[in-house]
Amino acid sequence: MTEGPTLRSLIGEHWNLARTLRKLEIRFDPERCSGVWECYEVCPVDCWEPDYEGSVVIFHHGERCIACGACVLQCPEGAIELEVPGG
Ligand code: SF4
Ligand code: SF4
């Protein structure tokens, strides 16, 4: 019989994931942005600001980003990625 994960091993995995998530940063390609503002709608910490004149979005307050990934999943143009800087 194989042993399942222990509480200790699960906490270890969780900490490793949390450490990785803390390092992630948004990479935004404005050339791909079509200004639908889904990112603005879903971001829980207001990192995105619509530029209504330019029909694009502006990424700001990057220090607020909690790497939830919602904007990455919602963007229909693939204009947003989360990545480890220099990775
Ligand atoms: S969801 Fe994507 S295409 Fe829409 S405004 Fe945000 S970055 Fe631009
Ligand atoms: S990953 Fe989440 S918190 Fe970070 S900018 Fe996107 S929606 Fe906002």
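Just so it is clear, the model here is predicted, and its values are computed rather than measured. (Residues numbered from 1 in each chain as written. Chains lettered and ligands numbered in written order. Predicted model: local features only at pLDDT ≥ 70, side-chain atom pairs only at ≥ 80, totals over all residues. Heavy atoms only, no water.)

### Some thoughts on the site of ligand 2
- The local shell around ligand 2 consists of Cys 43, Pro 44, Val 45, Cys 47, Trp 48, Cys 65, Ile 66, Ala 67, Cys 68, Gly 69, Ala 70 and Cys 71.
- Of the residues in the shell around ligand 2, the class split is 11 nonpolar, 1 polar and no charged. (Near = heavy atom within 4 Å. Nonpolar A, V, L, I, M, F, W, Y, C, P; charged D, E, K, R; others polar.)

### Focus on the confidence of the model for the protein chain
- Averaged over every residue, the pLDDT of the protein chain is 91; the share at 70 or more is 97%.
- For the protein chain, per-element mean pLDDT is lowest for helix α1 (residues 7–23), which scores 88, and highest for helix α3 (residues 70–74), which scores 97. (pLDDT = per-residue confidence, 0-100. Helix = DSSP H or I, 4+ residues; strand = E, 2+ residues; numbered from the N terminus.)

### Some words on the pairing of strand β3 (residues 56–59)
- In this structure, strand β2 (residues 48–51) lies alongside β3, joined through 4 bridges in antiparallel fashion. Counted as the bridge partner of Glu 49 is Ile 58 from β3.
- In textbook terms, the turn of a hairpin is the stretch between consecutive antiparallel strands, and for β2 and β3 this stretch comprises 4 residues, one of which, Ser 55, has a positive phi near 50°. (Pairing = 2+ DSSP bridges.)

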